[in-house]
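Understanding the architecture of this molecule
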Amino acid sequence: MKELKRLRIKFVASNMVMVTLVIGLAFLAVGYFTQYRINADNERMLWEAAAAEQPPAPFAEEDYVRVPYFILVTDGDDQIIRVEGRYSPGQDSEMLQRLAAQSLSSAEDGGVLEMYQLRYLRRPLESGYRIAYMDTSLGDSFAQGMWRNLGITGVAVWLVLFGISCVLSKWAVYPVGQSMRREKQFVADASHELKTPLTVIMANAQLLTEQEPPADRDGARWLKNIVQEAEEMKKLVEEMLALARSEADIGKQIREKCSFSDVVIESVLSFEAVFYQGNRELISDVEEGIRIRGDEKELRRLLGILLDNADKYSPEGGRARVCLRQIPGRKVRLTVANTGAEIPKEKLEEIFERFYRSDSSRSDQKGYGLGLAIARSVVERHQGTIRAEASEGENRFIVEFKTV
């Protein structure tokens, strides 16, 4: 059932939104905290290296962390007089001088030389500066790998949880599906059982009206009301049965082919007298030779519902039009439009629900709000789509099917 499919989609979507937020926040927190600790440790070790008066021995016992760094000591003229540290920067004096010049030209005592992937910290001496440099390439590589691994792990976890959510969605909506199936079965059974007593009531009432008229006017009026209300009830029961049968058939493949053009033309012809009596204009523009896989009886019911709807909600002197055209993608589009009060945009989806009645301006019309629900079930059984639009004082129902 389409309702269950929508419910499953909502269940999975809500779960995955929550999962995405939790995974995203958790992994971002881990990543940023790790990177913050790395940067803080680098700053601390750089300060220790810059503050040391003598370079420590390469394998001294007190060394608990070994990092690649070197120190440039400059004189009062910003010339390098000594190179210290555990990391050999090479013998290129010009490059070392450029490093020192860039470090000394900065207004800050510390920073990063992106071009060389070096972090520096300068400390003033009595004459000149002591500038410590630390290689950041290893830390940058670690950070990139960390973010990449976190991303891959996050995607993998997300996909696993998505699969679990899809499986759990079946379990979660199963009771709802059972309830909906029981409800639809009850409607179908109740409609079927009500049909027989209603037929008996109508037959007896008709016989009474055909006999000698009752002794008083009240009796005649009561008989007329019985017949009238029984006919309305019979119509409701038949619509409920049609809806139940149509929904039960959704998913069953339709193999027979039919001329949809002929169905539309014949339906329009049968409604011309109805529109004429209501002082309304009915215009049709039907492309010939369009064939689809479909049940002619159900397609005629679809056209009857849409044309009856256009007749009901068109004002006197109004206009309705029916257009059937083949469109790209091996599809056919049927448009049934009528002038009149526009359906509110927020109601364009709700009007296809069972027993839905619109605002008071439309609810004074006869009907039980089942017509468009039946139309939608017919379209879905034929693997098509139906939607409503409203603009410029016109309401349009657009149906699309695949052609053969």
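Now for a description of the structure that goes with this document. (Residues numbered from 1 in each chain as written. Predicted model: local features only at pLDDT ≥ 70, side-chain atom pairs only at ≥ 80, totals over all residues. Heavy atoms only, no water.)

1. A short note on the sheet that holds strand β10 (residues 331-339)
- Strand order in the open sheet made by the 5 strands is β7-β9-β10-β12-β11, with mixed pairing throughout. The open sheet is flanked by β7 (281-286) and β11 (385-391), the only strands paired with a single partner. Across the sheet, the axes of successive neighbouring strands diverge by a mean angle of 15°, strand direction being ignored.
- Inspection of the sheet shows β7 paired to strand β9 (residues 319-327) by 6 bridges, in the parallel sense. Paired with Val286 across the bridge in β9 is Leu324.
- Along the sheet, helix α8 (residues 371-381) contacts β11 and β12 (394-402); its crossing angle with β11, the most-contacted strand, is approximately 135°. (Pairing = 2+ DSSP bridges. Helix = DSSP H or I, 4+ residues; strand = E, 2+ residues; numbered from the N terminus. Axes fitted to C-alpha atoms, helices over the stretch in contact; angles between N-to-C directions. Contact = heavy atoms within 4.5 Å.)

2. Some details on the environment of Leu150
- Structurally, the position occupied by Leu150 is in helix α3 (residues 137-210).
- The class for Leu150 is buried, based on a relative accessible area of 17%.
- Expressed as a C-alpha distance, the spacing of Leu150 and Leu28, which sit 122 residues apart in the sequence, is 8.6 Å.
- What Leu150 contacts, discounting residues up to four positions off in sequence, is Phe27 and Gly31. (Buried < 20%, exposed > 50% of the residue type's maximum accessible area, 1.4 Å probe, protein only.)

3. Some thoughts on the side chain of Glu394
- With respect to the element layout, Glu394 can be found in strand β12.
- You can call Glu394 buried: its relative accessible area is 11%.
- Within polar-contact distance, the side chain of Glu394 engages the side chain of Arg321 at 3.2 Å.
- Residues contacting Glu394, with those up to four places away along its chain left out, are Arg319, Arg321, Ala337, Asn338, Thr339, Gly340, Glu342 and Glu389. (Polar contact = N/O pair within 3.5 Å; in protein donor to acceptor, adjacent residues only side chain to side chain.)

4. What about a positive patch on the surface?
- Residues Arg255, Lys257, Arg291 and Arg293 make up a contiguous surface patch of positive charge.
- Checked against the element boundaries, Arg293 lands in strand β8 (residues 291-293).
- With relative accessibility at 39%, the residue Arg293 sits in the partly exposed group. (Patch = residues over 30% accessible without salt bridge, like charges linked within 9 Å, V, L, I, M, F, W, Y side chains within 5 Å. Areas by Shrake-Rupley, 256 points an atom, 1.4 Å probe, with all protein chains shown as cover. Salt bridge = Lys/Arg side-chain N within 4 Å of Asp/Glu carboxyl O. Lys, Arg positive; Asp, Glu negative; His and termini not counted. Charge placed at Lys NZ, Arg CZ, Asp CG, Glu CD.)

5. Topic: the pattern of salt bridges
- Applying the stated criterion to the full structure yields 15 salt bridges.
- Measuring nitrogen to oxygen at the nearest pair gives 3.2 Å for the salt bridge that ties Arg280 to Asp311. Here Arg280 is found in the loop between α5 (260-277) and β7, whereas its partner Asp311 is found in helix α6 (residues 296-312), with 31 residues between them in sequence.
- Look at Asp311 and you get buried, because its relative accessible area is 12%.
- Residues Arg333 and Glu400 are paired through a salt bridge, measuring 2.7 Å at the closest nitrogen-oxygen approach. Taken together, the positions of Arg333 in strand β10 and Glu400 in strand β12 put the pair 67 residues apart, joining distant regions of the chain.
- A relative accessible area of 30% places Arg333 in the partly exposed class.
- It is possible to trace a salt-bridge network through shared partners that takes in Arg321, Arg333, Arg387, Glu389, Glu394, Arg396 and Glu400.

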